[in-house]
Amino acid sequence: MTSHERTGARPGTHHAPATVAVAAGRPPRQPDGPLNPPIVMASTYHAGGEVGYGRYGNPTWEMLESAVGSLEGGVATSFASGLAAVAATVDLVPVGGTVVAAPDSYYGSLALVRRLEERGRLRVRQVDLTDADAAAEALPGADLCWAESPTNPLLRLVDLDRLAARSRAAGVLLAVDNTFATPILQRPLESGADVVVHSATKYLSGHSDLLLGVAVARDPGIADRLVEVRSGQGSVPGTFEAWLALRGLRTLHLRVERAQANAAELALRLRSHPGVSQVHFPGLGAMLSIELHGDVAAADAVTAGTRLWVHATSLGGVESSLERRRKWPGESTDVPETLLRLSVGVEGVAPVD
Ligand SMILES: Cc1ncc(COP(=O)(O)O)c(C=O)c1O
């Protein structure tokens, strides 16, 4: 199936994102037809069709792709993980080309482009994309700009409209990792970005039970190239994972709304907490970072001592979780040692004592 046909599965763009999350990616309405897509477990198909083999396509992936594509306003391709979606998008860069990326990008994405640079595949220009002038200076001559907003883990915001306009003027493809904000709160393609990438492992699926990635392209030709990379490299999603992700997506708007409200309340309370020296919360999404007074051992004691909060990496699940980011060797040294990143879940908020 070409990406042009894939776009045809999208419901009208006039629906609210919440409605799209519920209604998109459903089988055709017919008597006794199921409401939900079947989980099609097939490594191969009867000959004579367009797909032919399980690495080239799967009806369950298509349902998820239709839903995420409708939410973001483009043509979606699903992958085995968020990082596989990142790698496929970076693969759009010609050999010897240049990627502009912020030093506080997700460290897995940054590690990927740095590794490719070491091997001579491409060059990396690191620049703080929250600084619009610095970004504009770095763009000319580049091929791809890699942006995240809010940034990880300092949760600073990038002006995506402005960055998109400047990327376009410089002839640079703009890719935005929208994992933290989700299409409920931010739709970068509407701002003028070319590709949106998700670790669907996080909010889109929402239950910390699978790994999956999605890349959504504005231009169907780019979507076709992403499919080519997926087929060629075999970075295909598991069928059951795609089905579970779509099931989780049905409540994305409710989870994001509740988690963001919880995060706002928590940010308010933590600002006056004696153990907290700084709260980073931009009011967009449900991620929150705090810097603690005291040393690393004290910060580690906080993460080890929680009873309800889960001490674990990752984010975007229904459960609240936290971790000290600098415990990871790859984390930027610009991130304070005692910074804890909190992924706020959808639990109830206890009244103030
Ligand atoms: C912002 C962001 N992008 C991409 C990824 C990579 O996604 P995955 O772990 O699904 O490969 C992550 C994972 O933590 C992430 O936080």
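This report concerns the structure included in the present document. (Residues numbered from 1 in each chain as written. Predicted model: local features only at pLDDT ≥ 70, side-chain atom pairs only at ≥ 80, totals over all residues. Heavy atoms only, no water.)

A few points about the packing of aromatic side chains
Aromatic rings in a pair are described by how distant their centres are and how their planes are angled relative to each other. Put simply, the rule is: Aromatic pairs are defined between Phe, Tyr and Trp rings, using the six-membered ring for Trp, whenever the two ring centres lie within 6.5 Å; interplanar angles under 30 degrees are classed as stacked, those over 60 as edge-to-face, and all others as tilted. Put simply, DSSP H or I for four residues or longer makes a helix, DSSP E for two residues or longer makes a strand, and each gets a number counted from the N terminus. Think of it in three bands: with a 1.4 Å probe and only protein chains considered, a residue is buried below 20% of the maximum accessible area for its type, exposed above 50%, and partly exposed in between.
Under the defined criterion, the tally for this structure stands at 3 aromatic pairs. With 6.2 Å between their ring centres and 10° between their planes, Phe 240 and Trp 243 make a pair best called stacked. Note that Phe 240 and Trp 243 are positioned in helix α11 (residues 239-249) at a spacing of 3 residues, about one turn of the helix. Residue Trp 243 is classed as partly exposed on the basis of its relative accessible area, which comes to 22%.

Quick notes on helix α10 (residues 220-233)
For clarity, the threshold we go by: Helix span, expected: 1.5 Å multiplied by one less than the number of residues in the helix. Polar contacts, as counted here, are pairs of nitrogen or oxygen atoms within 3.5 Å of one another; within protein the pair requires one atom able to donate a hydrogen and one able to accept it, and residues that are adjacent in sequence qualify only if both atoms are side-chain atoms.
Taking 1.5 Å of rise per residue, the 14 residues of α10 would be expected to cover 20 Å, and the 20 Å separating its terminal C-alpha atoms lies within 8% of that figure. Of the positions making up α10, those classed as buried are Ile 222, Ala 223, Leu 226, Val 227, Val 229, Arg 230 and Ser 231. For α10, the capping residue at the N-terminal end is Asp 219, with a side-chain oxygen 2.8 Å from the backbone nitrogen of Gly 221. After α10 finishes, the residue Gly 234 shows a positive phi value of roughly 75°.

Digging into the environment of Arg 326
Worth spelling out the cut-off: By definition in these notes, contact holds between two residues if any of their heavy atoms fall within 4.5 Å.
Secondary-structure assignment places Arg 326 in the loop between β11 (321-324) and β12 (339-343). For the pair Arg 326 and Leu 160, spaced 166 residues apart in sequence, the C-alpha to C-alpha distance is 28 Å. Setting aside anything within four residues of it in sequence, one finds Arg 326 in contact with Glu 331, Ser 332, Thr 333, Val 335, Pro 336 and Glu 337.

So, unusual backbone geometry
As a rule of thumb, non-glycine residues mostly have phi less than zero, and peptide bonds are mostly trans rather than cis. Residue Ser 149 is joined to Pro 150 through a cis peptide bond whose omega torsion reads -5°. Its location among the elements puts Pro 150 in the loop between β4 (144-148) and α7 (160-169). The omega angle of the peptide bond from Asn 152 to Pro 153 is 0°, so this bond is cis rather than trans. Take Pro 153: it is sitting in the loop between β4 and α7. Backbone geometry places Thr 182, a non-glycine residue, at a positive phi of 65°. Position of Thr 182 relative to the elements: it lies in helix α8 (residues 182-185). Judged by its relative accessible area of 1%, Thr 182 is buried.

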